[in-house]
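The primary structure of each chain is shown beneath.
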Amino acid sequence: MNDWIDIAALSDIPRLGARVVKTATVEIAVFRTAQDTVFALKDVCPHRGGPLSQGIVHGNTVTCPLHNWKIDLASGEANAPDEGCTRTYPIKVENGRVYLGDARRQAA
Amino acid sequence: MQRERLVLIGNGMAGVRTVEELLKLAPDLYDITVFGAEPYPNYNRIMLSPVLAGEKAVDDIILNGRDWYAENAITLKTADPIVRIDRVARKVIAASGAEQPYDRLLIATGSTPFIIPVPGHDKDGVIGFRDIADVEKMLETAGRFKNAVVIGGGLLGLEAANGLIKNGMNVTVAHLLDSLMERQLDKPAAALLKATLESRGLNFRMGAQTAEIVGNGRVQAVRFADGGTVDADLVVMAVGIRPNFSLAREAGIHCERGIMVSDTMQTFDPRVYAVGECVQHRGVCYGLVAPLFDQAKVAANHLANYGIARYEGSVTSTKLKVTGIDLFSAGEFNEGEGDETLVLQDPAAGIYKKLVLRDNRIKGAVMYGDTLDGAWYFQLLREGTDVSAFRRTLLFGQHDLGDSGHGDAARIAALGPEAEICGCNGVRKGQIVDAIVKKGLFTLEEVRAHTKASSSCGSCTGLVESLLASTVGEGYSAAPSKKPLCGCAEHSHDEIIAGIKEHGLKTMAAVRRHFAWRTEDGCARCRPALNYYLLSRWPGEYRDDAQSRFINERAHGNIQRDGTYSVVPRMFGGLCTPSDLRAIADACDKYQVPEMKVTGGQRIDMFGVKKEDLPAMWKDLTEAGLVSGHAYGKALRTVKTCAGKTWCRFGVQDSTGLGVKIEQMTWGSWMPHKFKAAVSGCPRNCAEATIKDFGVVCVDSGYELHIGGNGGIKVRVTDRLCKVETEEQVLEYGAAFIQKYREEAHYLERTAPWVERVGLQTIKDALSDEAERKALAERFLHSQTFAQIDPWKARADGAEAHEFRKIEIAVA
Ligand code: SRM
Ligand SMILES: Cc1cc2nc3c(=O)[nH]c(=O)nc-3n(C[C@H](O)[C@H](O)[C@H](O)COP(=O)(O)OP(=O)(O)OC[C@H]3O[C@@H](n4cnc5c(N)ncnc54)[C@H](O)[C@@H]3O)c2cc1C
Ligand code: SF4
Ligand code: FES
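As a starting point, this report considers the structure included with it. (Residues numbered from 1 in each chain as written. Chains lettered and ligands numbered in written order. Predicted model: local features only at pLDDT ≥ 70, side-chain atom pairs only at ≥ 80, totals over all residues. Heavy atoms only, no water.)

1. Quick look at the nonpolar core
Residues and elements named next belong to chain B.
Moving on, step 1. Grouped together as the largest cluster of nonpolar side chains are 51 residues, with contacts concentrated most on Ile32, Ile85, Val92, Leu105, Ile107 and Ile259.
Moving on, step 2. If we skip the residues at most four places from it in the chain, Ile107 touches Ile9, Ile85, Ala248, Ile253, Ile259, Val272, Tyr273, Ala274, Val275 and Cys278.
Moving on, step 3. In this structure, Ile46, Phe328, Tyr377 and Leu381 belong to the second largest nonpolar core, which totals 42 residues. (Core = buried A, V, L, I, M, F, W, Y, C linked by side-chain atoms within 4.5 Å. Buried < 20%, exposed > 50% of the residue type's maximum accessible area, 1.4 Å probe, protein only. Contact = heavy atoms within 4.5 Å.)

Listed below in structure tokens is the structure:
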């Protein structure tokens, strides 16, 4: 259980929007889709580092605000023809709360 | 629900075009039944000449095959003419005895060739030139016999004669007058044409009145009033057409020379519409497709219950479709009293051009041998352009206005986007170029399919091919995509804009449902567009959707390459006070703004602000009375001004004060794209008003209004809209222009490409109509009552707070 960190209520994240979770080392974008699925990606676009959290969310994709790359929220992969991948983080919703997987354990 | 029943009598060019237009507007409104006398689906009658000349096959000229009728759930009955209309029982009765009830009826029975009732006119071998059956008969005769006489030296007669010669016949054209095509050509041009045709082996008998068709059972010769005879195994009568309205007249519908219709294409029975060659509109019966297609659009508009279109008659132009002969004619080409004529004659090169001018405006044109500028002259004619400024070089064509010209391609390149390329379908150069660029078209066939250009008479094919050649490969396109709106949808911007209005769609979900979106919540392209369309259509009702806005508009700042933001407060008309500047300076200190700059829009930009700091910084600025400059938005940006009358030694009006008023009226309004305005105090134009979306240049006697300019990637100088006398009028025209743009342009289309797409004239017409102008301006001001809320103040007061706060956690 200690592996999961309670970060926010689901309702704190706007539908089809995102919030930024700031840790000591990294900024993570937490997205919420129209179906209330949540995803967590490093808030850095594989293209030129744009803040993905500021993009437009549609389906399970976010369009980067800087040059319109489309990044798959589940895999972190850029849609073809662009190539690149952003790190994903484990995330889950339980009883209306959003939990982020502990990144240290992830990395290990 | 039971659908209304629409019956079309006449499966020809005008009738079926009406149905096509109707399906575009209201695909599900009617159960449609079409009756045609001919055994074919809808075909391109114009192309019968090339079929006869062996340049095309019948299959090539089918416009809509039977599968098209099936796909659109239209019942098609061919080879079954209607013999009676029962207006009381509201049904039609066909020759086969079949009956079909209707709620609305469309008559498009075309016309029939006039057969001169001389003795022997009913003999075997005497025909008209109207349909596939006639062509087949001619081809069959040409295979077995030698001599043909074509009676009538007009357009149709000459095309028939040309076709018969190509089929190996010995052809004589008998013409009543002493000059060919007298309705389209003056004598010198007609003489050139006659010489060319004679050199191809055609014989002429001019001033020849037909007296008798001789033969016994089958035609053997034609005898003329002067006693001479010419041997003939085939006689083609091409002396004119008669509108085909007996069916309508027998049903008690008022007819004169054709079925009488109003500007809405309705007959005297409001359930019954009529289009095409069978109608008479404002005293005119037309015999070319371009006007009929205009009629079709209007009829479809009313059948679709839109009820807004009016047909007001057409000016027509003609080309002869004989391969290798270039001939163009339009308007009144025989000068009347007081008219002037400009003539260019080069007999050795076979070129003749004549323009008839009245009050320095083109009234008519005849061209032979070099018709490339026909489209340009026709445009000048229809728009009534005063040509005095370039009169001396007018005859040399449009390319001569600019640089030295490099042959045909340069001349086509010189045509403006408004120039009509395809006269039949009213397709302009801009539309074709647009389609080629946006839809990635590469072949003539694709251009035909997408624009209809060159799909009727084909005489503009050369022009279209040149356009293809000059356009393909040119990568840059300034305007946004046209059709469909994005990958999620099949419909175009225009269809969606219209749908939101017609069907009262008020949420994004409703739009997506109505237009059968392929994705649940759209994409980054369509969401901002829909959000804008809904916001501008339903001001005060539709709630802006933050998640459908590009980050700049969501955060009300401009995102920078490093993820920070820039902040630009509004300085109305570029004016500022010491306390404004002090507030800006204080904010820069407090939030450690790394750089400040005076922008090209006459205000100050503060770069590199952290997103978290934005709300507090805005709070300080709004407390000092500064509102957002919308420097980030598809919105009104700035109104640039110059020093003007107050200070400047040349200024003739208060340009600064007027600029402030314009900005006060327009700030906060969302637009399809960014929108910039400027006011210059005199024609020296220091505020660069002539490259703005809306520019005002002050003159001694008032204000010159300019629209559709921009700097940027592709500079476009404004078009002059009009001159007005008071500041109130400037504001009214400005508001009306903006509102028209807001209501009609595609999202991400700036005024410059929009003006080019819809045509300056359309905008001028709308704004010069006082009632329409006032209504537009009023709608704009109404929508502004909801829009002029400073987004910074709202955010500073806590709106969308989550947007700006990060969630901080200790671990990881
Ligand atoms: C700040 C400013 C430059 C300056 O320091 O002077 C500026 C900055 C930007 N311009 Fe501009 N433009 C600025 C005046 C202009 C002007 C001059 C003018 O308005 O008189 C032009 C040419 C005139 C015109 O637009 O007709 C101009 C033509 C563009 C274009 C090209 C538009 C086009 O149709 O081709 C873009 C690109 C776009 O909008 O897609 C653009 C886009 C941009 C953006 C917003 C790029 C972006 O999307 O991030 C730049 C934001 C910089 C930033 O990070 O803050 N900017 N830009 C000017 C702000 C004026 C203001 O106070 O609001
Ligand atoms: C050889 C030729 C060349 C031409 N070249 C050109 C050109 O270059 N440029 C140009 O602009 N125009 C040209 N035209 C003229 C153009 O084809 C006509 O203006 C156009 O076809 C008229 O359209 P419409 O629908 O009014 O009539 P039509 O196309 O004739 O259609 C009417 C249809 O109604 C059918 N019909 C009639 N009565 C009944 C009934 N009672 N029941 C059922 N069906 C009925 C007819 O059989 C016909 O199929 C040319 C015409 C011909 C014949
Ligand atoms: S435009 Fe005219 S009024 Fe304005 S500064 Fe220039 S000269 Fe002066
Ligand atoms: S940084 Fe994301 S698309 Fe360029």
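This is not the end of the story, as more comes after the structure.
2. Here we look at the interface of chain B and chain A
Moving on, step 1. The partner chain A presents 32 residues to the 29 residues of chain B that form the contact.
Moving on, step 2. Summing the contributions of chain B and of chain A, the shared interface buries around 2,500 Å²; its carbon and sulfur component is 60%.
Moving on, step 3. Summed over the shared surface of chain B and chain A, the result is one salt bridge.
Moving on, step 4. The partner of B:Lys806 in a salt bridge is A:Glu27, and the shortest N-O contact between them spans 2.7 Å.
Moving on, step 5. Linking chain B with chain A are twelve residue pairs in polar contact (both at pLDDT 80 or more), by the criterion used here.
Moving on, step 6. Here the side of chain B that touches chain A is composed, by residue class, of twelve nonpolar, six polar and eleven charged.
Moving on, step 7. With two bridges connecting them, strand β2 (residues 17-22) of chain A and strand β39 (residues 807-808) of chain B associate as parallel partners. Pairing of A:Val21 across the sheet is with B:Ile807, part of β39(B). (Buried area = accessible area lost by both parts, 1.4 Å probe. Salt bridge = Lys/Arg side-chain N within 4 Å of Asp/Glu carboxyl O. Polar contact = N/O pair within 3.5 Å; in protein donor to acceptor, adjacent residues only side chain to side chain. Nonpolar A, V, L, I, M, F, W, Y, C, P; charged D, E, K, R; others polar. Pairing = 2+ DSSP bridges. Helix = DSSP H or I, 4+ residues; strand = E, 2+ residues; numbered from the N terminus.)

3. What about unusual backbone geometry?
Moving on, step 1. Its identity as a non-glycine residue notwithstanding, B:Arg282 has a phi of 45°, on the positive side.
Moving on, step 2. Take B:Arg282: it is sitting in the loop between β22 (279-281) and α8 (289-303).

4. Here we look at the site of ligand 2
All names here are of chain B.
Moving on, step 1. Taken together, 34 residues are adjacent to ligand 2, and Ala14, Glu38, Arg130, Glu277 and Lys321 come closest.
Moving on, step 2. In the environment of ligand 2, an oxygen atom lies 3.2 Å from a nitrogen or oxygen atom belonging to the backbone of Met13.
Moving on, step 3. Note that an oxygen atom of ligand 2 is positioned 2.8 Å from one of the backbone N or O atoms of Ala14.
Moving on, step 4. Against a free-state accessible area of 990 Å², the protein chains account for coverage of 92% of ligand 2.
Moving on, step 5. Secondary-structure elements contributing two or more residues to the shell around ligand 2 are α1 (13-25), α2 (48-52), α5 (155-166) and α8.
Moving on, step 6. It is α1 that contributes the most residues to the shell around ligand 2, three residues altogether.
Moving on, step 7. Looking at the shell around ligand 2 residue by residue, the classes come out as 17 nonpolar, eleven polar and six charged. (Near = heavy atom within 4 Å. Areas by Shrake-Rupley, 256 points an atom, 1.4 Å probe, with all protein chains shown as cover.)

5. Focus: the pattern of salt bridges
Moving on, step 1. Under the definition given, this model contains 56 salt bridges over all chains.
Moving on, step 2. Two residues, B:Arg391 and B:Glu340, come together in a salt bridge whose shortest N-O distance is 3.1 Å. In this pair, B:Arg391 is assigned in the loop between α9 (374-383) and α10 (407-414) and B:Glu340 in strand β25 (residues 340-346), connecting sequence segments 51 residues apart.
Moving on, step 3. Among the ionic pairs, B:Arg382 bridges to B:Glu420, the shortest N-O distance being 3.2 Å. Of this pair, B:Arg382 sits in helix α9 while B:Glu420 sits in strand β28 (residues 420-422); the two residues are 38 residues apart in sequence, bridging distant segments of the chain.
Moving on, step 4. Among the residues examined, B:Arg382 registers a relative accessible area of 33% and is labelled partly exposed.
Moving on, step 5. Ionic contacts of the salt-bridge type, sharing partners, join the residues A:Lys22, A:Glu27, B:Glu612 and B:Lys806 into one network.

6. Brief notes about the sheet that holds strand β8 (residues 99-101) of chain B
All names here are of chain B.
Moving on, step 1. Taken in spatial order, the three strands line up as β6-β7-β8 in an open sheet, and their pairing is antiparallel. At either end of the open sheet lies a strand with only one pairing partner, and these are β6 (82-86) and β8. The average undirected angle you get between the axes of adjacent strands in this sheet is 20°.
Moving on, step 2. The sheet contact formed by strand β7 (residues 91-94) and β8 spans three bridges and is antiparallel. Bridge assignment links Val92 to a residue of β8, and that residue is Gln100. (Axes fitted to C-alpha atoms, helices over the stretch in contact; angles between N-to-C directions.)

7. Topic: the pairing of strand β33 (residues 604-609) of chain B
Residue and element names in this part refer to chain B.
Moving on, step 1. Bridge analysis of strand β31 (residues 565-567) against β33 gives two bridges, and the strand direction is antiparallel. Bridge pairing links Tyr565 to Val609 in β33.
Moving on, step 2. Of the strand pairs in this sheet, strand β32 (residues 595-598) and β33 are connected by four bridges, and their pairing is antiparallel. Residue pairing for β33: Met596 is matched across the bridge by Met606.
Moving on, step 3. Counted between consecutive antiparallel strands, the loop separating β32 from β33 contains five residues, among which Gln602 sits at a positive phi close to 60°.

8. Here's the deal with the site of ligand 1
Residue and element names in this part refer to chain B.
Moving on, step 1. Neighbouring ligand 1 are 21 residues, the closest being Gln560, Gly600, Arg603, Lys674 and Gly711.
Moving on, step 2. One of the side-chain nitrogen or oxygen atoms of Arg603 is found 2.6 Å away from an oxygen atom of ligand 1.
Moving on, step 3. One nitrogen or oxygen atom from the side chain of Arg750 is found 2.8 Å from an oxygen atom belonging to ligand 1.
Moving on, step 4. Elements represented by at least two residues in the shell around ligand 1 include exactly β33 and β34 (636-641).

9. Focus on the packing of aromatic side chains
Residue and element names in this part refer to chain B.
Moving on, step 1. All chains considered together, the criterion is met by 15 aromatic pairs over all chains.
Moving on, step 2. When the ring of Tyr40 is compared with that of Tyr43, the centres are 6.0 Å apart and the planes differ by 80°; the resulting orientation is edge-to-face.
Moving on, step 3. Judged by relative accessible area, which is 21%, Tyr40 ranks as partly exposed.
Moving on, step 4. Tyr43 gets classed as buried once you look at its relative accessible area, which sits at 4%.
Moving on, step 5. Residues Phe675 and Phe737 carry aromatic rings whose centres are separated by 6.3 Å and whose planes lie at 50° to one another, so their mutual orientation is tilted. Of this pair, Phe675 sits in strand β35 (residues 675-680) while Phe737 sits in helix α21 (residues 727-744), placing them 62 residues apart in sequence.
Moving on, step 6. Three or more aromatic residues link up through ring pairs in this structure, and these residues are Phe675, Phe694, Phe737, Tyr741 and Trp754.
Moving on, step 7. Above the face of the Trp538 ring, Lys506 is positioned so that its terminal group lies 4.5 Å from the ring centre.
Moving on, step 8. The ring of Phe650 carries Arg684 above its face, with NZ or CZ at 3.7 Å from the centroid. (Phe/Tyr/Trp six-rings, centres within 6.5 Å; stacked < 30°, edge-to-face > 60°. Lys NZ or Arg CZ within 6 Å of the ring centre and 35° of its normal.)

10. Structural notes on the sheet that holds strand β36 (residues 694-699) of chain B
Residues and elements named next belong to chain B.
Moving on, step 1. Read from one edge of the open sheet, five strands run β34-β35-β36-β37-β38, paired in mixed fashion. For this open sheet the edge positions go to β34 and β38 (719-724), each flanked by a neighbour on one side alone. On average, adjacent strands in this sheet sit at an angle of 15° to one another, irrespective of strand direction.
Moving on, step 2. Relative to β38, strand β37 (residues 702-707) runs antiparallel, the two being bridged by five bridges. Looking across to β38, one finds that Ile707 is bridged to Asp719.
Moving on, step 3. The sheet contacts of helix α23 (residues 760-768) involve β37 and β38, and relative to β38 the element is tilted by about 20°.

11. Some details on the packing of α21(B) against α23(B)
Residues and elements named next belong to chain B.
Moving on, step 1. The N-to-C vectors of α21 and α23 enclose an angle of 130°; their axes lie 10 Å apart at closest approach. The orientation of α21 with respect to α23, classified from their angle, is oblique. Viewed along their axes, α21 and α23 form a crossing whose handedness is right-handed. Counted together, Tyr733, Ala736, Phe737 and Lys740 of α21 and Thr762, Ile763, Ala766 and Leu767 of α23 form the full contact between these two elements. (Parallel < 35°, antiparallel > 145°, perpendicular 65-115°, else oblique. Left-handed = near helix turned anticlockwise from the far one by under 90°.)

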